[in-house]
Amino acid sequence: MDRASRVLVLGAHPDDAEFFAGGLLHEHKKRGSEIQLVSVTNGQSGHHEMSSDALVARRRAEAQQAGSVLGCPYVCWDFPDGYLEPSIAVREAIIRQIRAFEPDLVLTHRPWDYHPDHRAVGQAVQDASYMVMVPKVAPGYRIPSREPVVAYMVDLFTRPSAFRADFTLDATEHLEGILRMLQCHRSQFAEWIPWIERLGPVPTAPGEWSSWLKDFFLERTAARAQRFWSRDWGPSPTIVEAYEVSEYAGRLSPERQAGLFPACRSSS
Ligand SMILES: [Zn+2]
């Protein structure tokens, strides 16, 4: 039998992993996969009132708490939020992380996205995908026995090319788990996002805020179902996630599909 899968998420910010891939992560947890969540930036820019130093500490703590919902580490690297470039330093950090953890699957953003940090992470992962097997690049770590498969987390952008959903997941049964993770990011979902998006006053009582957050998340994810859920599969689920496999990393053989994308529908 194949070993349990190892899943690494390289998101740009603390909260990207669960916002875009919380359902698949919970599916992996159910199956005993090893999971590691990384925010490549330190989250220092996502607030309108707090100092960056205080915010970095707070977001680290929030991420750690979100990781504990899944029972996995959730670390924030030191690259500054809002200033990320697909630099050699970022590429090396990703290469080292992949060699140290040896994931079977890496989830990240596409190099096309509204947020420059998301684009930079996607580009840096693409740049690292071949170099991870080159011993003389970022030496000192064991080279993995095989290249991980890289898949992009869902987005709705269309230029220069629209997201291609190779795997689609009805993540509705994991809604509560995803919300429990998102609830850890109070600095974001109770303070920053309502401010930057001019959403108006957000209820502060814990129960009311949780229900506000649920409505917010459902509203943000509704378009995913519309775009990526085929009518042939039956009625549209409440929560849909989609994944596009990168052509620049390890090849996804048919035997590995079920292990890496459990419970997902394949478009091929
Ligand atoms: Zn982000």
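This text follows the structure it describes.
Residues numbered from 1 in each chain as written. Predicted model: local features only at pLDDT ≥ 70, side-chain atom pairs only at ≥ 80, totals over all residues.

1. A closer look at the overall build of the protein chain
From N to C terminus, the protein chain includes eight helices and eight strands. Here the protein chain has a C-alpha radius of gyration of 18 Å; the compact-globule value for 268 residues is 18 Å, and the two agree. Expressed along its principal axes, the backbone C-alpha trace of the protein chain runs to roughly 50 × 50 × 35 Å. Sorting the 268 residues of the protein chain into buried and exposed places 46% on the buried side. Sequence separation of at least 24 residues holds for 79% of the intrachain contacts in the protein chain that already meet a minimum separation of 6. (Helix = DSSP H or I, 4+ residues; strand = E, 2+ residues; numbered from the N terminus. Rg over C-alpha atoms; globule rule 2.2 N^0.38 Å. Buried ≥ 20, exposed ≤ 12 C-beta atoms within 10 Å, placed from the backbone. Contact = placed C-beta atoms within 7 Å.)

2. Quick notes on the pairing of strand E7 (residues 240-245)
With respect to burial, E7 is a largely interior element, six of its six residues being buried. A two-sided burial pattern is seen for E7, the buried positions comprising Val240, Ala242 and Glu244 on one face and Glu241, Tyr243 and Val245 on the other. Pairing of strand E5 (residues 149-153) with E7 involves three bridges; the strand directions are antiparallel. Among the inter-strand pairings, Ala151 is bridged to a residue of E7, identified as Val245. When strand E6 (residues 167-170) meets E7, the two strands line up antiparallel, connected through four bridges. The residue of E7 that forms the bridge with Leu169 is Glu241. (Pairing = 2+ DSSP bridges.)

3. A short note on the environment of Gln123
The residue Gln123 is located in helix H4 (residues 116-131) in this model. When the 21 C-beta atoms within 10 Å are taken as the criterion, Gln123 is described as buried. Setting aside residues no more than four positions away along its own chain, Gln123 makes contact with Pro86 and Pro111.

4. Some remarks on helix H2 (residues 52-70)
An ideal rise of 1.5 Å per residue puts 27 Å on 19 residues; H2 measures up with 27 Å between its terminal C-alpha atoms. For H2, the secondary structure elements touched by its buried residues are helix H1 (16-30), strand E2 (34-41), strand E3 (74-79), helix H5 (175-183) and helix H6 (186-196). Gly71 lies just past H2 and shows a positive phi near 70°. (Expected span 1.5 Å × (residues − 1).)

5. Looking at the sheet that holds E2
The strands making up a sheet are joined through hydrogen bonds of the backbone, oriented either antiparallel or parallel. Spatially, the eight strands line up as an open sheet ordered E3-E2-E1-E4-E5-E7-E6-E8, and their pairing is mixed. Looking at which strands have only one partner, the edges of the open sheet turn out to be E3 and strand E8 (265-266). Here helix H3 (residues 88-101) sits on the sheet in contact with strand E1 (6-11), E2, E3 and strand E4 (105-108), set at roughly 165° to E1. (Axes fitted to C-alpha atoms, helices over the stretch in contact; angles between N-to-C directions.)

6. Quick word on the nonpolar core
By size, the foremost hydrophobic cluster in this structure holds 65 residues, and its most contacted members are Val9, Leu10 and Ile94. If one sorts the elements of this core by residue count, H1 sits on top with six residues. If near-sequence neighbours (up to four positions away) are discounted, Val9 is found in contact with Ala17, Ala21, Leu37, Val38 and Leu107. (Core = buried A, V, L, I, M, F, W, Y, C linked by C-beta atoms within 7 Å.)

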